[in-house]
Structures are given as C-alpha cells and as structure tokens.
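This is what each chain is made of:
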Amino acid sequence: MPRSAREVPKEIAAFGERQFNETGAAAVEVLRVKAATMRKHFSKLRGVTYLVSVISLDRVRVYFFTQAGVMVIGENLEPSNYAAIRRSSRLLAKFEKPRELTPEEKRIEATEELRSEFRKALRRVSRFLASKEPDFPNLFVAKALDASQPQSFGSAFTDDGEVVFDEGQLGQSWSDALLSRVAFVVMLPVKQRQSEVPSLIGNSLATTLMKPNRRSEWLKNWQGHSKDTAWTPLVEHLATHVDTYRSPQYQWLRTLLSRTEPNPSLTDFSHALKAIHDECVLPIGTEEYHKIAGYANECSSPRKLQNSRFELPSVHLSPRVLSVPEGLGLSLGKGARADEAEAWAQVSFREGNAAGTLQIGQSGTQRIERIDYILNLEDVYPSTGGHISQGSQIIQRALQFFGVRSNPLITFQAEIAPSDSTLNATERAVLERLLLGKREIVLNSLIGSPHVVDSLVKKKRIVIVPDFHHLGVKPDFLLHGEYEGVLKIALENSLEATVFRLEESAYAVVSSPSTWRRGLLLDSSRTSVSLWPVVEVLSERRILRHEPFPTS
C-alpha cells in the first residue's frame with residue numbers, strides 16, 4: 001500500500017475530530033465499510049470506503065469518503081438505520097464525551113485508585129520505619145463513617161483487620177497523610193488497630209512525612225478534630241515535635257503499641273510517651289551546631305531575635321530569660337518544702353543512699369547574688385552515639401600535667417546579678433510577665449514590646465540565653481562548694497552549666513557526658529566541691545532548661 005493510501009484514514013480521523021469539537025455532538029465515529037454493505041444500503045453510491053458519523057441525540061449525520069479520502073456526500077440517517085450499518089463495519093476511531101459515572105461506579109473506581117495509592121503509602125511508611133511491609137489489607141470505601149472518633153477520622157478498622165475509608169475524606173488535599181496514618185496502623189497487630197492511640201501516633205508520623213509547606217491544612221484538620229477533647233494536649237505536643245520525632249522514635253512507639261494490651265488508657269500512654277520523649281536525642285551535625293551558636297550570639301541583642309536567621313524547630317531553639325529581681329525576695333534554700341514557697345526550679349538528686357532536693361523559690365534561707373550560665377559546644381563532635389570531644393578538651397586536660405592551664409572555648413556565657421536600676425511602670429509590668437518564664441510570653445514580648453525588653457537588658461535586669469532540647473545535653477550533676485571552685489570546675493568540664501552564687505557558697509547544675517564527666521569527677525575529688533548525680537529537674541519558670549510534658 002502506498003504511503004498516500006496509509007495517510008488517508010488519519011486525515012479522515014482528523015476530520016472526524018474537528019467535527020466533534022466544532023459541532024458539540026455526543027460522539028463521532030470513523031468507520032471503514034464493506035462494499036456489500038454499501039450496495040445493500042446505498043446502491044446508488046460507488047467507491048465509498050470510509051464513513052464519518054456525527055452522532056447527535058436525535059439524528060446521525062454521515063459523511064461518505066472514497067478510498068482516496070475524497071468526500072462524496074453527506075446526509076442524515078435514522079439512528080436505527082445507522083445501527084445496522086455500524087454492526088457490519090469496522091470502527092477506526094471514536095470521539096465522545098465522557099459519560100458521568102454513577103455514585104456506585106465512582107466508589108468502585110476510587111477503590112482501584114485507592115489500592116494503588118495505599119500501596120505507595122504502605123511502602124513509604126515501611127521504608128521510613130526500616131521494616132518489612134505487612135500483608136496488604138482488604139480495602140473498602142463507604143459513603144460516610146462515624147465522625148466521633150477524633151484520631152481515626154476518615155477511616156475505620158473491622159475486627160478482621162479490614163480498612164474502611166470515608167469517601168468524602170479521600171477527596172481532600174491531605175488524603176496522602178490519611179493513607180500514611182492508616183499504613184502505620186496496619187503495621188500493628190489486628191487486635192491493636194481499633195484503638196485511637198495508634199491513630200494518634202499515625203497522624204503524627206504522617207505529619208512528619210509531609211513536606212513542611214503542605215502540613216498546615218492537615219495539621220488544622222487534625223487539631224480541629226481533637227479540639228476540646230482529652231486528646232488535645234498530646235496532639236499539640238506531637239504537632240510541636242513534628243520535626244523532633246524521627247524514625248527511631250516512631251520505631252520505639254510501634255514496638256510499644258505492639259506489646260501493650262488493646263485500648264490502653266490515655267493516662268498510661270501519656271506516661272509511656274513521656275519516657276520516650278525524655279530519651280529522644282537527635283543526631284544533629286555541624287550545621288545545626290552552627291545555628292545554635294549563631295542564635296546564642298544574637299541573644300545579646302533582643303531586636304535580632306525577632307527575625308532570627310537561625311531557626312531550628314527540631315530542638316525547639318528559642319529565647320529564655322534569666323533574672324535576679326531585687327524586691328521579689330528570690331532566694332535559694334536546700335531542702336525547702338514545695339508548699340513553703342512558689343518553686344521556680346527544683347533539682348532532685350542522690351546524696352549517697354538518700355534523696356535530696358534543691359529548690360529555688362521566692363522564699364528561702366539564702367539570697368541569690370548571681371547566676372552564671374555557660375554553654376560550650378565548640379569541642380563537640382557530632383555523633384549518633386553521643387557527644388564526643390574533638391580533642392580540645394582532652395588536650396586541655398593533658399596539658400595540666402605540664403603545669404599549663406587554659407580556658408576552654410565557650411559558645412555562650414552570661415551572668416546576671418541583682419540590679420538597683422529604676423524601672424518605670426511599663427518596664428515593671430513586662431518584667432513581671434517575663435519572669436513567668438513561659439516560652440510564648442517571651443516570644444510575644446520580643447515582638448510586642450521590643451523596646452522595653454531591650455531596656456531591661458541594658459539596665460541589667462534580665463539576660464536572654466538560648467533554650468533548646470533533644471541534644472543529649474542534660475543535667476547530669478549538682479555541684480556545691482565555694483563559688484570560684486564551682487565555677488572553675490563547671491567551665492572546664494561541662495557542655496552546659498548554670499551556677500547559682502549564694503552569700504557563702506554556690507550550686508551548679510552541669511551537663512558532663514563522655515570525657516567531660518571523667519574530668520568533672522577528677523577535679524571535684526581534688527577539691528572541697530561536693531558532687532551529686534541529678535535525678536530530675538523541674539523548672540516551670542525556666543531558670544533551668546525544662547520542657548514540660550502534657551499529662552492527662
């Protein structure tokens with residue numbers, strides 16, 4: 001067949017497509033007809049090989065073409081007559097408007113598409129958890145599901161492990177997060193799936209997997225379903241930790257849920273989640289340490305903190321305020337009972353076989369004369385196994401055997417003492433709010449009252465220090481002794497230290513892991529400084545770093 005002959009059907013099909021687009025017909029069909037068919041129905045026409053049928057609701061307009069692609073004539077046919085011709089002809093091309101699917105057909109079609117999308121979600125979650133994919137469950141789509149479940153909204157699980165999706169929820173822009181949540185729940189034993197707790201963790205994991213610019217709508221929906229319920233504190237906690245909890249933490253949570261009884265109480269789960277939260281240490285690297293150091297440098301200028309370039313939400317990097325406000329009677333008393341004062345900070349420690357408590361509050365036996373805060377991350381080598389010295393701290397200790405002593409490099413250091421500077425009414429009001437220590441209050445004050453905060457810093461009523469968590473820099477020991485000795489030991493042997501100077505002595509809460517701990521023990525043993533291991537630190541006003549955990 002010559003090339004020109006092969007191109008004829010394409011040209012006729014193009015003509016049919018133009019007719020479909022220009023006439024608005026329901027459909028256009030391009031047919032190749034047999035000579036016998038033409039003789040039977042159109043005995044007067046000769047040499048016709050192709051038909052282009054423009055099908056409308058009440059008639060069919062047919063155009064006749066020769067084998068060379070030349071149009072012979074066009075005429076209208078009754079639909080019944082055209083049907084007979086159509087049965088004995090070969091369809092070459094067809095153009096038609098898509099038929100509106102019935103609701104039942106839409107559900108069937110969505111289920112097929114759903115299976116494909118859920119398989120992707122299951123693969124994505126399994127890879128994130130470094131786990132083998134579970135057996136693929138049976139999936140169903142329902143018109144509507146019970147909307148009273150605040151964590152498993154949009155899905156439900158049967159006793160046999162089947163998954164039922166809400167048809168309306170699948171059409172949302174955040175449906176991929178819904179699939180990720182269900183994929184996490186499916187990785188648990190069947191008996192655990194109907195509990196709301198796994199869905200709570202699945203919602204958090206789904207948020208973690210989403211790109212930051214797509215999280216807002218999903219978070220709004222998740223928080224909206226949980227609003228004014230017992231779930232609200234944990235939902236807000238998980239939303240805050242969306243960049244903090246990562247694969248290891250979700251692996252721990254999956255193992256935890258797999259080993260518990262079905263439907264654990266919210267109170268028990270809150271305590272269990274706190275145990276995981278408190279041990280969450282992020283393996284951050286040089287870039288993150290640089291951000292912390294940069295943020296610490298900007299703490300000296302409150303105005304810079306309003307638009308800080310060094311954001312690190314994974315460790316909750318934020319400003320913290322220290323103050324020794326004269327006139328409020330702030331003092332420190334060892335062993336003071338909590339009901340005797342409003343506790344600003346409380347340190348629980350072990351003193352031999354006995355438990356001890358150091359409390360800082362608005363009443364006590366000794367007045368605080370000064371607070372020193374020290375942060376030293378300059379020598380830390382980033383490692384998933386914990387903090388390791390790059391060598392500076394080790395060399396510094398080795399040089400002492402030659403009689404050479406040098407001060408370590410310090411990332412950030414600040415001190416605050418009572419000040420007799422005068423305050424106006426506005427400054428006093430802002431200071432009283434800042435002393436509450438709440439993170440939101442400090443941030444709002446930096447935005448709403450930047451001039452006042454700046455004035456309080458210049459008048460030496462407050463000092464701003466960097467706040468962070470989940471770096472593995474935790475309070476390890478409590479030191480007690482003469483101020484100069486305590487400060488010196490803390491400077492040389494800790495990553496972080498807060499020193500409280502009293503009238504006759506000083507206390508320091510220090511973080512000394514790894515090789516820093518060895519030096520701390522050696523130096524304290526050679527002096528009169530006492531050292532006790534810290535059990536827990538509570539500080540609602542954040543005089544010491546403290547991250548409150550919501551409990552039911």
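Structure's up top.
The paragraphs below set out a description of the structure included in this document. Remember, predicted model here, so these are calculated numbers, not experimental data.

1. With respect to the packing of aromatic side chains
Alright, step 1. Per the counting criterion, the structure on display carries 11 aromatic pairs.
Alright, step 2. With centroids separated by 5.4 Å and ring planes inclined at 70°, the aromatic side chains of Phe15 and Phe65 adopt a geometry described as edge-to-face. Of this pair, Phe15 sits in helix α1 (residues 3-23) while Phe65 is found in strand β3 (residues 60-66), placing the two residues 50 residues apart along the sequence. Comparing Phe15 with Phe65, the two get one shared label, buried.
Alright, step 3. Judged by centre distance (6.2 Å) and plane angle (65°), the ring pair of Phe118 and Phe165 falls under edge-to-face. One end of the pair, Phe118, is in helix α4 (residues 103-128); the other, Phe165, is in strand β8 (residues 163-166), and 47 residues separate them in sequence. Across the pair, exposure class does not vary: Phe118 and Phe165 are buried alike.
Alright, step 4. Feature note: the residues Phe15, Tyr63 and Phe65 constitute an aromatic cluster, connected by ring pairs.
Alright, step 5. The ring of Phe468 carries the charged tip of Arg545 above its face, separated from the ring centre by 4.2 Å.

2. A word on the pairing of strand β17 (residues 412-416)
Alright, step 1. Of the two faces of β17, only the one carrying Phe412, Ala414 and Ile416 is buried; Gln413 and Glu415 on the other face are not.
Alright, step 2. Relative to β17, strand β14 (residues 370-375) runs antiparallel, the two sharing five bridges. Looking across to β17, one finds that Ile374 is bridged to Gln413.

3. Some words on the sheet that holds strand β4 (residues 71-77)
Alright, step 1. In spatial order, the strands read β4-β3-β2-β1-β5; together these five strands make up an open sheet with antiparallel pairing. One side of each edge strand has no neighbouring strand; the edge strands of this open sheet are β4 and β5 (90-96). If you compare each strand with its neighbour and ignore which way they point, the axes differ by 15° on average.
Alright, step 2. With respect to the sheet, helix α3 (residues 79-87) is in contact with β1 (27-32), β2 (48-55), β3, β4 and β5, its orientation differing from that of β1 by roughly 45°.

4. Topic: helix α7 (residues 196-209)
Alright, step 1. With 14 residues, α7 extends 20 Å between its outermost C-alpha atoms, agreeing within 8% with the 20 Å of an ideal straight helix rising 1.5 Å per residue.
Alright, step 2. The element α7 is extensively covered by neighbouring structure, given that 13 of its 14 residues are classed as buried.
Alright, step 3. The backbone nitrogen of Val197 lies 3.2 Å from a side-chain oxygen of the residue at the head of α7, namely Ser195.

5. Considering the pattern of salt bridges
Alright, step 1. The final tally for this structure, using the stated rule, is 21 salt bridges.
Alright, step 2. Between Asp467 and Arg542 there is a salt bridge, with its nearest N and O atoms 2.9 Å apart. Linking Asp467 in strand β18 (residues 463-467) with Arg542 in the segment after β22 (530-538), this pair joins segments that are 75 residues apart in sequence. Residue Asp467 shares its accessibility class with Arg542, and that shared class is buried.

6. Examining unusual backbone geometry
Alright, step 1. If you check the backbone angles, Ala130 has positive phi at about 55° while not being a glycine.
Alright, step 2. In the Ramachandran plot, Asn263 falls in the positive-phi region, its phi being about 55° despite a non-glycine side chain.

7. Overview of the pairing of strand β21 (residues 506-511)
In the case of a regular strand, side chains alternate between the two sheet surfaces.
Alright, step 1. When you tally the buried positions in β21, you get six out of six residues, the bulk of the element.
Alright, step 2. Taking every second residue as pointing to the same face, both faces of β21 are buried, with Ala506, Ala508 and Val510 on one and Tyr507, Val509 and Ser511 on the other.
Alright, step 3. Relative to β21, strand β20 (residues 496-501) is paired through six bridges, and the arrangement is antiparallel. Paired with Val499 across the bridge in β21 is Ala508.
Alright, step 4. Hairpin geometry of β20 and β21 is characterised by an intervening segment of four residues between the two adjacent antiparallel strands.

Rules used throughout
Residues numbered from 1 in each chain as written. Predicted model: local features only at pLDDT ≥ 70, side-chain atom pairs only at ≥ 80, totals over all residues. Heavy atoms only, no water. Phe/Tyr/Trp six-rings, centres within 6.5 Å; stacked < 30°, edge-to-face > 60°. Helix = DSSP H or I, 4+ residues; strand = E, 2+ residues; numbered from the N terminus. Buried < 20%, exposed > 50% of the residue type's maximum accessible area, 1.4 Å probe, protein only. Lys NZ or Arg CZ within 6 Å of the ring centre and 35° of its normal. Pairing = 2+ DSSP bridges. Axes fitted to C-alpha atoms, helices over the stretch in contact; angles between N-to-C directions. Contact = heavy atoms within 4.5 Å. Expected span 1.5 Å × (residues − 1). Polar contact = N/O pair within 3.5 Å; in protein donor to acceptor, adjacent residues only side chain to side chain. Salt bridge = Lys/Arg side-chain N within 4 Å of Asp/Glu carboxyl O.

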